[in-house]
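A structural walkthrough
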Amino acid sequence: MKAIKDIYRIGYGPSSSHTIAPQRAAFFYKDQYPDCTRYEVTLCGSLALTGKGHRTDEIIKETLLPAETEVAFDYEDPEMKLLIRGMTPEKEYPQWSVISLGGGSIRIDKFDSGDEKDIYPDDSFADIKKRLKHNGWTLPQYLLHYESGLYDDLKRSLENMLDCVDRGLSSSGLLNKELNYRRSASELYKQAEDDLGRCIAYAYAVGEENAAGHKITTAPTLGSAGIVASIAYYYIKDKGYPEERVLEAMAVGGVFGDLIKQNATIAGSMGGCQAEVGTACAMGAAMIAWLEGQPLDTVERAAEIGIEHHLGLTCDPVKGYVIIPCIERNGIAVLRAFDAVKLARSLAAVHKHSLVSFDMVVDSMNYTGKKLAVELRETSLGGLALEFKNEKN
Ligand code: SF4
């Protein structure tokens, strides 16, 4: 299993695969070949099909400044990747092929990004539980043993999450002209009648900040960043929990996100929205269960319920913007995270052991993601994106 800290990266919206990943690739290339005066970049697959709405071309050009960059869109190559080559008037440098692994992680054919380094010896929750039992560790003790400095990184990520909710709650006005989408977080907050109503507003605040291209913390991606951020904000600001407890819960939730990243995918372009919002719901459910002092089996069960009932969820962003259905989906998934914990607690009192493990659902999610049609994996070629197109014509 890879670093938990990479589940909570800080970067600019609206999409970790379309903004953070290409930006990191551009940084690495520029750093490796600093003499380049010109770059040629080709976006393929989902990066080409939704790259405009996701600001991929803009962020690459900004990152490679002051050099001039030409960005081409290849709509024929279905693989989600970008090709980058730099040059000077006298010389051409090697072309890199960069694949997005979700949440801003990348694989580069000629360079080690460090993103695929194994930090933990285990790749399943069953194996983690065995190791905890063998060593007499709690889950946070296990994490600290293998990932030193984890909490310093998480603290920065959490601070950015809290700022992001505040910024979103204090903003208003038109967010997207083409969709005629106006920000709603602050109004939702004012109208909220209970805790869950406020949590919806917090998730919207992050979703809207993300769509505006502002600085967000992935959890595990940018499109799904509102869920964990909302829960963290709620427990700190509304319930008065100490930050340390919430950081620990983020680390616990991060384990479930990391296992999904390892054994299935957290990229909407590879597995549909089950991979993003479904994973975030599982992480959020684990977090809530941990904060509520539930035993590890119930934490696992909450995460398992959180992802199981998102299986098959498609990714069909309207006009390529991370707005419809994404923002509303963050709002509903926060409610489902709380529901998952409620159900897990009730079931724990009826059946001591769950018949379905978290690992089984992740395998099933991987299978389901591969079966999803390409039109429903962040290409804006089907589903709601198509309905919207037809409606407007
Ligand atoms: S539909 Fe889901 S996976 Fe697709 S862009 Fe929106 S949040 Fe991300």
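The paragraphs below set out a description of the structure included in this document. (Residues numbered from 1 in each chain as written. Predicted model: local features only at pLDDT ≥ 70, side-chain atom pairs only at ≥ 80, totals over all residues.)

Across its full length, the protein carries 16 helices and nine strands. Over its C-alpha atoms the protein spans a radius of gyration of 20 Å, differing by no more than 12% from the 21 Å that the globule rule assigns to 393 residues. Seen through its principal axes, the protein has C-alpha atoms that stretch 70 × 50 × 40 Å. For the protein, the proportion of its 393 residues judged to be buried stands at 53%. (Helix = DSSP H or I, 4+ residues; strand = E, 2+ residues; numbered from the N terminus. Rg over C-alpha atoms; globule rule 2.2 N^0.38 Å. Buried ≥ 20, exposed ≤ 12 C-beta atoms within 10 Å, placed from the backbone.)

All right, on to the pairing of strand S5 (residues 96-102) then. With six of its seven residues buried, S5 lies for the most part within the structure. Pairing analysis gives four bridges linking strand S4 (residues 81-87) to S5, with the strands arranged antiparallel. The partner of Leu83 across the bridge, within S5, is Ser97. Following S5, the chain reverses through two residues before pairing antiparallel with strand S6 (residues 105-108); Gly103 in that reversal takes a positive phi of roughly 65°. (Pairing = 2+ DSSP bridges.)

It is worth spelling out unusual backbone geometry at this point. Residue Pro14 is reached from Gly13 by a cis peptide bond, and omega for that bond is 15°. Following the sequence through the fold, Pro14 ends up in the loop between strand S1 (10-12) and helix H1 (16-32). Here the residue pair Ala219 and Pro220 is connected by a cis peptide bond, since its omega of 0° sits within 30 degrees of zero. Summarising the element assignment, Pro220 is placed in the loop between strand S9 (215-217) and helix H9 (226-238). With a phi angle near 55°, Asn180 is a residue other than glycine that sits in the positive phi range. Considering the arrangement of structural elements, one finds Asn180 in the loop between strand S7 (174-176) and strand S8 (181-182).

Residues Ala229, Met250, Ala285, Ala286, Met287 and Ala337 are the most contacted members of the largest nonpolar core, which totals 121 residues. No other element matches helix H12 (residues 277-291), which puts twelve residues into this core. Taken domain by domain, this core gets at least three of its residues from each of domain 1 (13-108) and domain 2 (125-392). Sequence-distant contacts of Met287, that is, excluding residues within four places in its chain, are made with Val228, Ile231, Ala249, Met250, Val252 and Gly253. (Core = buried A, V, L, I, M, F, W, Y, C linked by C-beta atoms within 7 Å. Domains from an automatic or database assignment. Contact = placed C-beta atoms within 7 Å.)

Read from one edge to the other, the open sheet built from five strands follows the order S3-S2-S4-S5-S6, with strand pairing classed as mixed. Since the sheet does not close on itself, it has two edges, and those belong to strand S3 (68-74) and S6, each with one partner. Here the strands of the sheet are splayed against their neighbours by 25° on average, with no regard to which way each runs. For strand S2 (residues 38-44) and S4, the ladder comprises six bridges, and the chain directions are antiparallel. Within S4, the position partnered with Glu40 by the bridge is Arg85. (Axes fitted to C-alpha atoms, helices over the stretch in contact; angles between N-to-C directions.)

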